Each structure stands twice: as structure tokens, then as C-alpha cells.
Protein chains: 2
Amino acid sequence: MSGNKDSDFKNPLFTVDSVLFTVIDKELKVLLVKRASEPYIGCWALPGGFIDIDIDHSADMTALRKLKEKTNVAPQYLEQLHTYSGLARDPRGYSVTLVYYALTSAVEASTHIETVDDAKWVSIEELDILPIAFDHKHIIEHAQQRLKQKALYSMVPIFCLPELFTIGQFKSVLEAILGKPVQRKTIIRRIDAADILEKVDEKIKSGGRLAHLYKVKPNVDIVNFERNLSY
Amino acid sequence: MSGNKDSDFKNPLFTVDSVLFTVIDKELKVLLVKRASEPYIGCWALPGGFIDIDIDHSADMTALRKLKEKTNVAPQYLEQLHTYSGLARDPRGYSVTLVYYALTSAVEASTHIETVDDAKWVSIEELDILPIAFDHKHIIEHAQQRLKQKALYSMVPIFCLPELFTIGQFKSVLEAILGKPVQRKTIIRRIDAADILEKVDEKIKSGGRLAHLYKVKPNVDIVNFERNLSY
DNA sequence: GTTAATTGTGTCACTGAGACACAAAGATAA
DNA sequence: TTATCTTTGTGTCTCAGTGACACAATTAAC
């Protein structure tokens with residue numbers, strides 16, 4: 001932008017965006033917000049913005065703050081995806097965007113979203129028919145790929161679930177992320193190998209035997225497995 | 001994004017650094033350069049600098065360009081590690097640094113490095129006794145952890161080797177990265193499962209049977225395995 | 001020739017995912 | 001009540017790939 005004293009180089013515009021995922025009705029969804037200003041006004045974009053160096057201790061804070069503005073809750077999981085840069089991705093000029101991907105429980109985040117009309121959950125298929133700003137469609141695909149990979153070897157998908165959940169719900173989330181069926185037996189084996197979940201009591205499900213409820217034990221690290229599920 | 005004008009926020013200083021690894025004498029090494037200016041003048045730091053938006057098509061180019069200035073060759077492997085940000089990491093103020101990690105063959109990169117005195121290969125143990133600038137020690141440890149993880153499930157460590165190499169050399173590289181012994185049999189099994197290497201002819205090694213030489217097949221993608229090596 | 005060192009092969013045990021059968025428990029309808 | 005349907009949970013077999021280790025093959029040094 002304006003010339004700066006510290007270097008001979010123009011400092012590119014730096015922003016932080018997030019790809020927030022959840023699973024609703026056995027379908028993987030992404031949170032998008034409608035742009036209120038140029039460029040790409042009216043198009044759907046990833047939630048994000050500039051670092052406010054007075055309140056954001058680090059870029060993680062920026063991502064969390066921007067997500068909370070839209071959903072009213074902090075996501076259960078947040079991790080860096082990639083930093084995108086270049087001249088072609090924003091008509092205003094050279095830009096650098098640090099992108100996070102995040103997971104949240106649908107029930108907690110959706111109550112607030114449904115009251116506004118500039119933010120909504122979008123399924124992956126809808127990305128082809130909605131007008132998406134910048135290179136955000138490409139970024140979302142990249143994030144989806146990464147989430148898929150992660151789901152193969154970790155328990156991270158539990159962060160798409162509410163505090164209490166059943167194995168059946170976990171199975172649905174996993175299948176939505178992977179796009180293919182998973183054996184319940186495999187999930188159960190992993191749950192007690194990971195040793196990060198505990199049973200509580202019971203709960204009724206649509207027709208059929210009552211399912212155990214699980215919740216995440218307090219203060220546990222996410223476990224990675226040595227073997228992947230099959231691709 | 002936000003409805004604010006672009007210039008409402010102070011844009012933090014943005015830089016690109018790289019953690020370039022190689023293996024020399026069965027030991028994992030990192031390329032460091034001596035700082036010629038304040039802050040941390042005289043300390044050792046990761047090679048990097050500012051994006052030159054006139055010549056760097058993207059941040060990848062910046063990382064490659066800066067590494068080539070120091071080693072005279074492009075690294076065989078380059079991937080984003082993490083973007084670090086905050087007020088505490090640079091005395092000059094709020095900073096954002098996109099860090100890559102990279103791999104190169106020792107023989108190709110070292111010829112040039114040995115002619116200069118402001119760049120050198122540093123072993124992981126030396127990090128404790130050398131003065132390291134900024135939070136770069138922490139970043140290097142992070143990169144090493146990531147490389148270790150990657151070595152468990154991919155063939156990426158071959159990029160620490162010259163064009164032609166033996167299984168024994170590959171074994172050494174892997175053991176230097178993982179910090180623990182690996183069965184030769186396991187490596188051989190993975191080499192022909194991956195199907196990205198081909199034998200060429202023969203070559204003598206320090207006392208003992210002649211070892212086959214391998215090289216990477218042209219235009220192959222790096223293979224990931226479904227199972228990790230043991231931690 | 002003998003020995004030492006390294007490369008390469010054969011094979012057994014173990015672990016965890018995939019697959020599938022089947023039992024258990026509740027809902028619904030006759 | 002009984003029969004049927006649905007979902008949950010268990011038992012178990014197969015299969016693939018790693019770890020471990022024994023052993024054969026090949027070359028250098030003495």
C-alpha cells in the first residue's frame with residue numbers, strides 16, 4: 001500500500017478466513033456469509049477479515065473472533081489449513097490470506113445463524129450453483145480434502161457433534177465427511193482404543209434399541225491412529 | 001468480511017521463512033543464516049525475507065527464491081508448515097511469518113554453502129548452544145516434529161538424498177529423521193509398494209556386498225501409506 | 001581361504017481394519 | 001399377547017502390512 005520505512009517492498013494485504021464445517025442431516029455443510037461490499041458484492045464468501053492487532057493476540061484469535069461474530073459460539077476445533085497468496089486471487093491487488101478450517105456442533109451454531117440472512121450453511125453440492133467470491137470455492141475443496149484425510153486417522157470429527165452423542169451419530173458424521181460407509185464395529189474399536197470418550201446413560205433413537213450416550217473426557221488430547229481407514 | 005475500509009487496520013509486517021532440512025553423516029541438519037542487521041544481529045536465523053510482489057508469483061516463489069540465494073539450488077521438496085503471528089515474536093512489533101519446511105540433498109546444497117560464512121548447516125543439538133533469533137528455535141522444533149510425522153507415512157524423506165541412492169542411505173536418512181532404528185525389510189517393502197523408485201545398476205559401499213542404486217521415476221506423485229511406522 | 005561387513009530374502013507373529021452373522025432391546029401393529 | 005421391524009452392540013474370520021529375526025549372498029580386507 002503506502003510506502004513503508006522498514007523495507008523496500010510493498011506489504012501485501014493480509015487477511016484471515018475460516019472454513020467452518022458441520023454435519024446437518026448426514027450432509028457436510030460449510031458456513032458462508034454474503035458479501036456486503038465490493039468486490040464480489042452479493043456473492044458468498046468465507047467468514048473472515050483483517051487482524052486487529054490491538055485485540056487479536058494472534059491470528060488464531062482473529063479467526064475465532066470472526067467466527068463468533070457469525071455463529072455466536074466458538075468452534076470446538078480450529079486448525080490452520082494453508083496460506084494463499086498471489087496477484088490473481090483478489091482484483092484489488094496482491095493479497096495474502098491465512099485460512100483456517102474449523103468444526104462445530106450444528107445445534108449450537110445454527111440457532112444464531114438462522115436469525116440472520118447474511119450467513120448460512122451451504123452443502124458441498126450447492127457450491128456449484130451459488131456465486132462464490134474470490135478463490136473461496138477452491139479453498140473449500142482444499143479444506144474438505146484435508147478434513148477427509150484427518151478423519152481417516154483421528155477422532156477430530158467428534159467436534160461436529162454436540163456434547164452428548166451416540167455412536168450412530170458419530171457414524172453419520174464420519175460417513176458425511178468421508179463420503180462412504182463405515183463399519184460401526186470399526187468406530188467402536190477406535191473409540192475404546194483412543195480412550196478419550198466415556199459413556200453416560202441412555203437415550204432413545206428413531207425406532208430400535210436405546211443407544212449409549214458418549215461425551216469427551218475432560219482435558220484430553222486428540223488421538224491419532226497408526227492406521228488409516230480405507231480411502 | 002468486515003464493512004470497514006481496508007485501511008482501518010494497521011497491516012502487520014509479513015515475511016516468509018523456510019526450515020531447510022538435510023541429512024549429513026546420519027544426522028539431521030537445518031540451514032541457518034547469520035543476521036547482518038538488527039534486531040538479533042549476529043544471531044542465527046531461518047533463511048527468508050519479504051515477498052517481492054513484482055517477481056514472486058506467490059509465497060512459494062519467495063521461499064524458493066530465498067533458499068536459492070543461500071544454497072544456489074532449489075530444494076527438492078517444499079511445503080507450508082505454519083503461519084506464526086503475534087506481538088511478542090519480533091521486537092519491532094506485530095508480525096506475521098509464513099514458514100515453509102523444505103528438503104534437499106546434502107551434496108547439491110553444501111558446495112555453495114561452504115564458500116560463504118553467513119550460512120551453515122546446524123544439527124538439532126547445536127540449537128541449544130547457538131544464539132537463535134526470534135522464535136526460530138521453536139519453529140524449527142515444530143518443523144522437525146512435522147517432518148518426523150510425515151516420514152512415518154510417506155516417501156518424502158527421499159528428497160534428502162541425491163539423485164542416485166541406495167537402500168542403506170535411505171535407511172540412514174529415515175533413522176536420522178525418526179531418531180530410532182528402522183528395519184531394512186520394512187523400507188524395501190514400502191519401496192516396491194509405492195512403485196515410485198526404479199533400480200539402475202550397482203555401486204560399491206564401505207565393505208560388504210554391492211548395493212543397488214535407486215532413483216525416483218519421472219513425473220510421479222509422492223505416495224502416502226495407510227499405515228504409519230511405529231512411533 | 002577365512003573373516004568381517006553389508007545387502008537382500010524368507011517367514012512368523014501381531015495388530016487393527018473390513019466384512020458379516022447374530023444377539024439384544026425397544027417400537028409398532030395385529 | 002405375538003410377530004415384525006429397526007437400530008444397537010458383540011463375536012469372529014479374513015486380510016494386509018509392520019516388527020522381528022534368521023539366514024543366504026556378495027564383496028573387501030587380511
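Residues numbered from 1 in each chain as written. Chains lettered and ligands numbered in written order. Predicted model: local features only at pLDDT ≥ 70, side-chain atom pairs only at ≥ 80, totals over all residues. Heavy atoms only, no water.

Taken together, the neighbourhood of DNA strand C is formed by 25 residues, with R189 and R227 of chain A together with R184, R209 and H212 of chain B sitting nearest. Within 4 Å of the protein, the contacting atoms of DNA strand C are drawn from sugar and phosphate to the extent of 47%. Here a phosphate oxygen of DNA strand C sits 3.0 Å away from a polar atom, N or O, in the side chain of R190 of chain A. Secondary structure elements with two or more residues in the surface near DNA strand C: α5 (184–194) of chain A together with α4 (167–178), α5 (184–194) and β9 (211–216) of chain B. Taken together, the residues of the surface near DNA strand C sort by class into seven nonpolar, nine polar and nine charged. (Near = heavy atom within 4 Å. Polar contact = N/O pair within 3.5 Å; in protein donor to acceptor, adjacent residues only side chain to side chain. Helix = DSSP H or I, 4+ residues; strand = E, 2+ residues; numbered from the N terminus. Nonpolar A, V, L, I, M, F, W, Y, C, P; charged D, E, K, R; others polar.)

Lining the immediate surroundings of DNA strand D are 25 residues, of which R184, R209 and H212 of chain A together with R189 and R227 of chain B lie closest. The contact atoms of DNA strand D, taken as those within 4 Å of the protein, divide so that sugar and phosphate hold 49%. Within the contact set of DNA strand D, a base nitrogen lies 3.4 Å away from a side-chain nitrogen or oxygen of Q183 of chain B. At 3.1 Å, a side-chain N or O of R209 of chain B approaches a base nitrogen of DNA strand D. Those elements giving two or more residues to the surface near DNA strand D turn out to be α4 (167–178), α5 and β9 (211–216) of chain A together with α5 of chain B. Along the lines of polarity and charge, the residues of the surface near DNA strand D split into seven nonpolar, nine polar and nine charged.

Superposition record for chain B on chain A: RMSD 0.0 Å, screw rotation 180°, translation along axis 0.0 Å. This pairing of chains is accounted for by a two-fold axis. Taking the C-alpha atom as reference, chain B places R227 of chain B closest to the rotation axis, 2.2 Å from it. The residues that chain B uses at the interface reappear at the interface of chain A in 94% of cases, marking a shared surface. (Least-squares fit on C-alpha atoms with pLDDT ≥ 70 in both. Contact = heavy atoms within 4.5 Å.)

Right, let's talk about the interface of chain B and chain A for a bit. Taken together, the contacts link 36 residues of chain B with 41 residues of chain A. With both chains or domains summed, chain B and chain A bury close to 3600 Å², and 54% of this area falls on carbon and sulfur atoms. Taken together, the connections running from chain B to chain A amount to zero salt bridges. Between chain B and chain A we count 13 residue pairs in polar contact (both at pLDDT 80 or more) in total. (Buried area = accessible area lost by both parts, 1.4 Å probe. Salt bridge = Lys/Arg side-chain N within 4 Å of Asp/Glu carboxyl O.)

Take the UniProt feature "domain: Nudix hydrolase" (unreviewed entry) in chain A next. Per the UniProt annotation, the sites labelled "domain: Nudix hydrolase" (unreviewed entry) are residues 14–144 of chain A. End C-alpha to end C-alpha, residues 14–144 of chain A measures 23 Å, and it is 23% helix and 36% strand. (UniProt positions renumbered as here; feature names shortened; annotations may be inferred.)

Residues and elements named next belong to chain A. Remark: helix α3 (residues 136–153) packs on α4, axes separated minimally by 9 Å, with the N-to-C direction vectors making an angle of 135°. Taken together, α3 and α4 sit at an angle that is classed as oblique. Relative to α4, the crossing made by α3 is left-handed. Counting all contacts with α3, which are made through L147, K148, A151 and L152, the residues of α4 involved are L174, I177 and L178. Broken down by class, the residue content of the contact of α3 with α4 amounts to six nonpolar, no polar and one charged. (Axes fitted to C-alpha atoms, helices over the stretch in contact; angles between N-to-C directions. Parallel < 35°, antiparallel > 145°, perpendicular 65-115°, else oblique. Left-handed = near helix turned anticlockwise from the far one by under 90°.)

Residue and element names in this part refer to chain B. Along strand β5 (residues 77–86), seven of the 10 residues are buried, which leaves the element largely enclosed by surrounding structure. Relative to strand β6 (residues 95–103), β5 is paired through nine bridges, and the arrangement is antiparallel. Bridged to L78 within β6 is A102. (Buried < 20%, exposed > 50% of the residue type's maximum accessible area, 1.4 Å probe, protein only. Pairing = 2+ DSSP bridges.)

All right, on to the domain arrangement of chain A then. Note: interface size is frequently given as the accessible area lost on complex formation between the parts. All names here are of chain A. Taken domain by domain, chain A consists of domain 1 (13–151) and domain 2 (153–216). Computed over C-alpha atoms only, the centres of domain 1 and domain 2 are separated by 26 Å. Between domain 1 and domain 2, the contact holds 17 residues from the first and 15 residues from the second. Looking only at domain 1, the three residues that lose the most surface to domain 2 are V23, K150 and A151, adding up to 37% of its buried area. (Domains from an automatic or database assignment.)

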